[in-house]
Amino acid sequence: MSAGLAMLVVAVIAMSGCAKEPPAAPAASEETTAEHALKHTDPLYRCPMHPDVVRNEPGECPICGMALVKVEPEPAAAADAGPPAELASRATTVTP
């Protein structure tokens, strides 16, 4: 009889684990994957006079000695938006 009681206890414990609701999923973030990745990238530093000189840490340009300036990453939406409205009205087209 004690084996039957033990089996009943095991069955009740197993069933109680299945009856629990799954934990609530965290609220969806409003930022895109690209915006999240930009927050976690290492900053870059660039020479204002020589844009091809890029370093991972602040310092001086090896060519001209100017202080390197931190590069601020552009949000993904701004990069895909195209030219600003004030420049779009001045667009020039070339025909063949």
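Here the structure is a predicted model, which is why all the values come from computation and not from measurement. (Residues numbered from 1 in each chain as written. Predicted model: local features only at pLDDT ≥ 70, side-chain atom pairs only at ≥ 80, totals over all residues. Heavy atoms only, no water.)

Scanning the protein chain for helices and strands turns up four helices and three strands. Start at the N end of the protein chain and walk to the C end: the helices and strands fall as α-α-β-β-β-α-α. Among the 96 residues that make up the protein chain, the fraction classed as buried is 5%. Long-range pairs, those at least 24 residues apart, make up 22% of the contacts in the protein chain with a sequence separation of at least 6. For the protein chain, the accessible area works out to roughly 8,400 Å², and carbon and sulfur atoms hold 63% of it. (Helix = DSSP H or I, 4+ residues; strand = E, 2+ residues; numbered from the N terminus. Buried < 20%, exposed > 50% of the residue type's maximum accessible area, 1.4 Å probe, protein only. Contact = heavy atoms within 4.5 Å. Areas by Shrake-Rupley, 256 points an atom, 1.4 Å probe, with all protein chains shown as cover.)

Okay, the sheet that holds strand S1 (residues 44–46) next. One open sheet holds the three strands; their spatial order is S2-S1-S3, and the pairing between them is antiparallel. In this open sheet, the two edge strands, each paired with only one partner strand, are strand S2 (54–55) and strand S3 (69–71). Where S1 and S2 come together, two bridges link them in antiparallel fashion. Across the sheet, residue Arg46 finds its bridge partner in S2, namely Val54. (Pairing = 2+ DSSP bridges.)

For the rest of this paragraph, the subject is the state of the cysteines. Inspection of every chain in the model, using the stated rule, returns zero disulfides. Here Cys47 is not cross-linked by a disulfide; its sulfur's nearest cysteine counterpart is in Cys61, at 3.5 Å. Using a relative accessible area of 4% as the deciding quantity, one classes Cys61 as buried. (Disulfide = S-S within 2.5 Å.)

Before going further, it helps to spend a moment on the nonpolar core. Among the nonpolar cores identified, the biggest contains five residues, and these are Tyr45, Cys47, Val53, Cys61 and Leu68. Residues contacting Cys47, with those up to four places away along its chain left out, are Val53, Cys61, Cys64 and Leu68. (Core = buried A, V, L, I, M, F, W, Y, C linked by side-chain atoms within 4.5 Å.)

Turning our attention to the environment of Gly65. Topologically, Gly65 is positioned in the loop between S2 and S3. Residue classification places Gly65 among the partly exposed residues on the basis of a relative accessible area of 34%.

Together, Leu5, Leu8 and Val9 give the surface a local cluster of nonpolar side chains, amounting to about 280 Å² of exposed area. Inspection of the secondary structure puts Val9 in helix H1 (residues 2–19). (Patch = residues over 30% accessible without salt bridge, like charges linked within 9 Å, V, L, I, M, F, W, Y side chains within 5 Å. Salt bridge = Lys/Arg side-chain N within 4 Å of Asp/Glu carboxyl O.)

This part takes up the confidence of the model for the protein chain. Segments scoring low in pLDDT should not have their predicted coordinates read at a detailed level. Scored by pLDDT, the protein chain comes out at a mean of 76, with 65% of its residues at no less than 70. Mean pLDDT in the protein chain bottoms out at helix H3 (residues 76–80), which sits at 53, and peaks at S2, which reaches 93. (pLDDT = per-residue confidence, 0-100.)

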